[in-house]
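# Examination of the molecular architecture
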Amino acid sequence: MLKLLPIGTVVRLKGASIPFMIAGYFPEDESKPGFYFDYSGFPHPMGFSSNIEASFFNAADIERILAMGYQDEEQMEYVKKLESFQPEAQEGGK
């Protein structure tokens, strides 16, 4: 079972020239209804802006964790709930 990384975690993706910051969990691929990626994120250090679209990627695409995002009890409880959703989400396309 996938252990979700906290929002704000900065990762290096395989084959990517810049790092990405995790900004969300389980985005659905609009072109394949029912297919969910593990994460959404934005290039680091640019982050979100109106001319930069979110990138979707999976845990398997992560080559290295560069910096961990903030964690507290509320975040850990939220991720625990999401991880219970995970098997259902991944049935759609993985």
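A brief structural summary.

Parameters at a glance
Residues numbered from 1 in each chain as written. Predicted model: local features only at pLDDT ≥ 70, side-chain atom pairs only at ≥ 80, totals over all residues. Heavy atoms only, no water. Helix = DSSP H or I, 4+ residues; strand = E, 2+ residues; numbered from the N terminus. Buried < 20%, exposed > 50% of the residue type's maximum accessible area, 1.4 Å probe, protein only. Contact = heavy atoms within 4.5 Å. Pairing = 2+ DSSP bridges. Axes fitted to C-alpha atoms, helices over the stretch in contact; angles between N-to-C directions.

## Side note on the side chain of Gln75
- Within the secondary structure layout, Gln75 lies in helix α1 (residues 73-91).
- When its relative accessible area of 14% is taken as the criterion, Gln75 is described as buried.
- Those residues in contact with Gln75 that lie beyond four places of it in its chain are Pro6, Tyr25 and Tyr70.

## With respect to the environment of Val11
- Looking at where Val11 falls in the secondary structure, it is placed in strand β1 (residues 10-13).
- Aside from chain neighbours lying at most four places away, what touches Val11 is Leu5, Pro19, Phe20, Ile22, Phe57, Ile62, Arg64, Ile65 and Leu66.

## Comments concerning unusual backbone geometry
- Along the chain, His44 connects to Pro45 via a cis peptide bond; the corresponding omega equals 15°.
- In this structure, Phe26 takes a positive phi of about 50° despite not being glycine.
- Assignment of secondary structure puts Phe26 in the loop between β2 (20-25) and β3 (39-43).

## Re the sheet that holds strand β5 (residues 62-67)
- With antiparallel pairing, five strands are arranged side by side in an open sheet as β4-β3-β2-β1-β5. A strand with exactly one partner marks an edge of an open sheet, and here the two such strands are β4 (55-57) and β5. In this sheet, adjacent strand axes meet at a mean angle of 45° when their direction is disregarded.
- Sheet topology note: the β2/β3 ladder contains five bridges and is antiparallel. Following the sheet pairing, Phe20 is matched in β3 by Pro43.

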